[in-house]
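Residues per chain, in single letters:
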Amino acid sequence: MKMYKPLWMLMVAVVTAFALAACGGGGGGGGSGGAASTTIEIASDGENLAYDKTAFTVPAGQTITLTFRNVSTAQQHNIVIVKGGEDVAARVDEEAINAGPPDFLPADRADIVAATKMLGPGASETITFTAPEPGTYVFICTYPAHYAGGMKGVMTVAP
Ligand code: CU1
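As the structure is a computational prediction, the values presented were derived from the model and not from experiment. (Residues numbered from 1 in each chain as written. Predicted model: local features only at pLDDT ≥ 70, side-chain atom pairs only at ≥ 80, totals over all residues. Heavy atoms only, no water.)

> Tell me about the overall build of the chain, and please be specific about residues and values.
Summing up its helical and strand segments, the chain has two helices and eight strands in all. Seen in sequence order, the chain has helices and strands lined up from the N terminus as α-β-β-β-β-α-β-β-β-β. The buried share of the chain, taken over its 159 residues, is 35%. Taking contacts inside the chain between residues at least 6 apart in sequence as the whole, the part at least 24 apart equals 70%. Accessible surface for the chain amounts to roughly 8,800 Å². Of this, 60% is attributable to carbon and sulfur atoms. (Helix = DSSP H or I, 4+ residues; strand = E, 2+ residues; numbered from the N terminus. Buried < 20%, exposed > 50% of the residue type's maximum accessible area, 1.4 Å probe, protein only. Contact = heavy atoms within 4.5 Å. Areas by Shrake-Rupley, 256 points an atom, 1.4 Å probe, with all protein chains shown as cover.)

And the structure:
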């Protein structure tokens, strides 16, 4: 009886290790064995008032790690994901302009899912947030006139 216990424990350890490896391979997690997470990389589109992608999809409830790079050599940019469509985006943009420099972000975050700081040329920032309920969420740059100039996209949250 005593001789079999170590073997039994070893088998549990092997099965657990296998399960963790399988989980890490599918979820792309950081290796901590925690909840699944999704990584998004997005950048400004050269010197254009645009992002290098106009849409991305994330799973509801997951932890999202988003890195935004401002690759412009002259413009300031941020990324602000709003809780809704163009109507909400327009309101946030107006509030951002009223808030003024340096961040052009309203103090009231009620309409905002997540946002980076205003980034100078060549700067980047990584933010982490939890994906909200399924739906579509517009993201914009709140530097004055950039959203109006077309710097926007849509985050889709899938069920
Ligand atoms: Cu911008």
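Past the structure itself, the notes keep going.
> Quick one: what's the story with the coordination of the copper ion, residue by residue and with numbers?
In this structure, His77 (ND1), Cys141 (SG) and His146 (ND1) serve as the protein donors to the copper ion, at separations of 2.0 to 2.1 Å. Mapped onto the sequence, the residues coordinating the copper ion show the spacing H-x63-C-x4-H. Comparing Cys141 with His146 shows no difference in burial state: the two are buried. (Donors = N, O, S within 2.8 Å, 3.2 Å for Na, K, Ca; no water.)

> Quick one: what's the story with the nonpolar core, residue by residue and with numbers?
Core analysis: the largest hydrophobic core is formed by 22 residues, its most contacted members being Phe56, Leu66, Ile81, Phe129 and Met155. For this core, the elements supplying multiple residues, two or more each, are β1 (37–43), β2 (55–59), β3 (63–69), β5 (112–115), β6 (124–130), β7 (135–140) and β8 (152–158). Considering each element in turn, this core owes the most residues, three residues, to β3. Here Leu66 is in contact with Ile40, Ile42, Phe56, Ile79, Ile81, Glu125, Thr126, Ile127 and Phe129, once residues within four sequence places are set aside. Ranked by size, the runner-up nonpolar core spans 11 residues in total, among them Val88, Val138, Ile140 and Tyr147. (Core = buried A, V, L, I, M, F, W, Y, C linked by side-chain atoms within 4.5 Å.)

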